[in-house]
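# Observations on chain architecture
So the chains spell out like this:
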Amino acid sequence: MDSETSVTMGLRQGDWNDWIELDSRFEEYHHIKSARVLRRGEKCVQCLPARDGLGSGVEAAKETVYELAEYLSRRYPNVYSVERQASFPGDLGWYGQGQIKIVTVLPLGTKYNLDEEDSMTVAGLLIPDDLALMLPGSDGKYYLQAGSICLAGSWRLEDKIGLPLSAIHTSADVPQYREKLELSMDRFFSKMQPEKLTLRNNYFFQVVNTDRPPIDTSSFVDADPKELSWARTALGDEDLFAHGHHSVPKPEQKKETFDLRPEHIYFRSERQSLRRLPRTGAILFTIRTYYEPVISLAKEPGVPGRMASALQSWPEDVAIYKGQARYKDVLLEYLNRMQKEQVREGIDAATAKYPF
């Protein structure tokens, strides 16, 4: 985490062995995503049909689920098993092995039929990542034609589906997007090749009122008390969210007040991958969210000082975009205190063993 803040794309080349990452939270994420899909339906998972000068999100989703099934069953054979059909011309199987029909996620005991179930829904449930598919239009722009967005935290697929790349970012008030990012992103998208994998990361802090009593023991909210899927403490009810105003709930939202403590603040980082699908030409985003309490990360040598430095380096527009006013004072006081304790205890950030 650099203390210097510059608005750039922050891209780096990825290794195909690391395209999709699994860890011990896979089951937890799958449970939350499954509940979201069941409860919110097309608000979380949607594909748009082809229209004039723009390809089909349905076809791109189909290509995505087969690409994932092929990759995952090879990369993680102890987690995913597959059953194949006989090979036929133009099928979506790799290396002439025949198209996959059934995918089983062994640790979860879940089985998906790729011939019968919705491709975008299955693709999103196979992995802990959210997925977004951007297709090129005849006007040279890329449009969000399909997605499985269940864990975004602060934006909703229903607000973004069908929009071009530029509007997706400007509608969310992304700092300096038009001035510094729009042209370079458009150029990068147009030049992406199927054999290349690109990665990028971002980070936020999120306030979560973990002291709130359960509303209803049968409600989805209680299945996600840490607000991984939606930042309810900061943004209020998801269905009343004021799209386009990242840090300001609608007037009718009830502002949640409570005594903020360091244990209420979470560090949220997205690992995004970008690749072009070879058949449809769609750009596939995978968005994996890593989410940890700040009080856990602050145990790492050197992290409190670096985190405090980064927090104080944000220019005003970035601070507003990241909702800094919600947590800055409490978080800075805590980080500075933890950094002083590490210095006093002689913890060497360069040689100490990291817990995470």
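Refer to the structure presented above.
All of these numbers come straight from a predicted model, not from anything done at the bench. (Residues numbered from 1 in each chain as written. Predicted model: local features only at pLDDT ≥ 70, side-chain atom pairs only at ≥ 80, totals over all residues. Heavy atoms only, no water.)

### Things to note about the overall build of the chain
Looking only at helices and strands, the chain has 11 helices and 10 strands in total. A total of 356 residues make up the chain; the buried ones form 52% of that total. Considering only residue pairs separated by 6 or more positions, the chain has 68% of its internal contacts joining residues 24 or more positions apart. Taken as a whole, the chain presents about 17100 Å² of accessible surface, with 51% of it coming from carbon and sulfur. (Helix = DSSP H or I, 4+ residues; strand = E, 2+ residues; numbered from the N terminus. Buried < 20%, exposed > 50% of the residue type's maximum accessible area, 1.4 Å probe, protein only. Contact = heavy atoms within 4.5 Å. Areas by Shrake-Rupley, 256 points an atom, 1.4 Å probe, with all protein chains shown as cover.)

### Section: the sheet that holds strand S10 (residues 283-293)
Across the sheet, which stays open at both edges, the 7 strands sit in the order S1-S8-S9-S10-S6-S7-S2 with antiparallel pairing between neighbours. In this open sheet, the two strands that pair with only one neighbour each are strand S1 (12-13) and strand S2 (45-47). Relative to S10, helix H1 (residues 26-40) is tilted by about 120°, and along the sheet it contacts S2, strand S6 (130-136) and S10. (Pairing = 2+ DSSP bridges. Axes fitted to C-alpha atoms, helices over the stretch in contact; angles between N-to-C directions.)

### Focus: the side chain of threonine 104
Within the fold, threonine 104 resides in strand S4 (residues 100-105). When its relative accessible area of 13% is taken as the criterion, threonine 104 is described as buried.

### Structural notes on the nonpolar core
Membership of the largest hydrophobic core comes to 48 residues, with the highest contact counts inside it found for Leu68, Leu72, Tyr80, Leu126 and Leu133. Mapped by element, the contributors of at least two residues to this core are H1, helix H2 (57-75), S4, helix H3 (119-126), S6, strand S7 (142-148) and S10. When residues in this core are grouped by element, the largest group, 8 residues, is from H2. Among all residues touching tyrosine 80, those that are not within four sequence positions of it are Leu22, Phe26, Leu72, Ser73, Val103, Thr104, Val105, Leu106, Leu126 and Ile127. Counting residues in hydrophobic clusters, the runner-up holds 22 residues, among them Val207, Val303, Ala310 and Ala319. (Core = buried A, V, L, I, M, F, W, Y, C linked by side-chain atoms within 4.5 Å.)

### Quick notes on the pattern of salt bridges
Across all of its chains, the model carries 18 salt bridges by this definition. Note that glutamate 238 and arginine 40 form a salt bridge whose closest N and O atoms lie 3.5 Å from each other. Of this pair, glutamate 238 sits in the loop between helix H7 (232-235) and strand S9 (265-276) while arginine 40 sits in helix H1, and the two are 198 residues apart along the sequence. The same class applies to glutamate 238 as to arginine 40, namely buried. Through salt bridges with shared partners, a single ionic network connects Arg36, Arg40, Lys43, Arg156, Glu158, Asp159, Glu238 and Asp239. (Salt bridge = Lys/Arg side-chain N within 4 Å of Asp/Glu carboxyl O.)

### As for the pairing of strand S8 (residues 198-207)
Most of S8 is tucked away, with 8 of its 10 residues classed as buried. Two elements, S1 and S8, share 2 bridges in a ladder whose sense is antiparallel. When the bridges of S8 are listed, glutamine 13 appears paired with threonine 198. Relative to S9, S8 runs antiparallel, the two sharing 10 bridges. Its bridge partner lying in S9, arginine 200 is registered against glutamine 272.

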